[in-house]
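Chains, contacts and geometry: an overview
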Amino acid sequence: NLPFEFKTLDVVVDSSGIPISGNTINTNLKNFKGFLCINVLSTTATSVLPSSAPFIITETSGSQVKLVKITGLTANVSYRLVLLGIS
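Residues numbered from 1 in each chain as written. Predicted model: local features only at pLDDT ≥ 70, side-chain atom pairs only at ≥ 80, totals over all residues. Heavy atoms only, no water.

On to the sheet that holds strand β6 (residues 64–71). In spatial order, the strands read β3-β6-β5; together these three strands make up an open sheet with antiparallel pairing. Unpaired on one side and paired on the other, β3 (24–26) and β5 (55–61) mark the two borders of the sheet. Neighbour to neighbour, the strand axes of the sheet diverge by 30° on average, direction disregarded. As paired strands, β3 and β6 are joined by three bridges and run antiparallel to one another. Its bridge partner being in β6, N26 is matched across the sheet by Q64. (Pairing = 2+ DSSP bridges. Helix = DSSP H or I, 4+ residues; strand = E, 2+ residues; numbered from the N terminus. Axes fitted to C-alpha atoms, helices over the stretch in contact; angles between N-to-C directions.)

The next thing to look at is the pairing of β6. Sheet analysis places β5 next to β6, joined by seven bridges and oriented antiparallel. Along β6, the bridge assignment pairs T58 with L67. Connecting the antiparallel pair β5 and β6 is a turn made up of two residues, with G62 showing a positive phi of about 65°.

With that out of the way, let us pick up the environment of I70. Inspection of the secondary structure assignment puts I70 in strand β6. The buried category is assigned to I70, whose relative accessible area is 1%. Residue contacts for I70: discarding those within four places in its chain leaves V11, V13, G17, P19, P54, F55, I56 and L81. (Buried < 20%, exposed > 50% of the residue type's maximum accessible area, 1.4 Å probe, protein only. Contact = heavy atoms within 4.5 Å.)

Side-chain pairing between opposite charges can occur once the charged atoms of the two side chains come close. Applying the stated criterion to the full structure yields one salt bridge. The partner of D10 in a salt bridge is R80, with the nearest N and O atoms 2.7 Å apart. One end of the pair, D10, is in strand β1 (residues 4–13); the other, R80, is in strand β7 (residues 79–86), and 70 residues separate them in sequence. Exposure remark for D10: the relative accessible area of 38% places this residue in the partly exposed category. Judged by relative accessible area, R80 falls into the partly exposed class, the value being 36%. (Salt bridge = Lys/Arg side-chain N within 4 Å of Asp/Glu carboxyl O.)

Turning our eyes to something else, we now look at unusual backbone geometry. One non-glycine residue, N31, lies in positive phi territory at about 55°. Of note, N31 is situated in the loop between β3 and β4 (34–42). The exposed category is assigned to N31, whose relative accessible area is 61%. Even without being a glycine, N76 presents a positive backbone phi close to 60°.

In structure tokens:
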């Protein structure tokens, strides 16, 4: 069995994909490997779809995961991501 957990994250990125807000997540997983984005919703007044499936680059320190870059999201739009964390 593969250890996993679901996380919901509200995030806004700049034009380079760097998170402006919502850039850290705590995890209970040992030997954390990464996140897969399984759902994305625009939470702005008008729905803005991502340009492609979000790809997330992370750095892990203990139980804290820092989101370094998220590609595929439109800049300065608020999104809610549902992530699957895998260990």
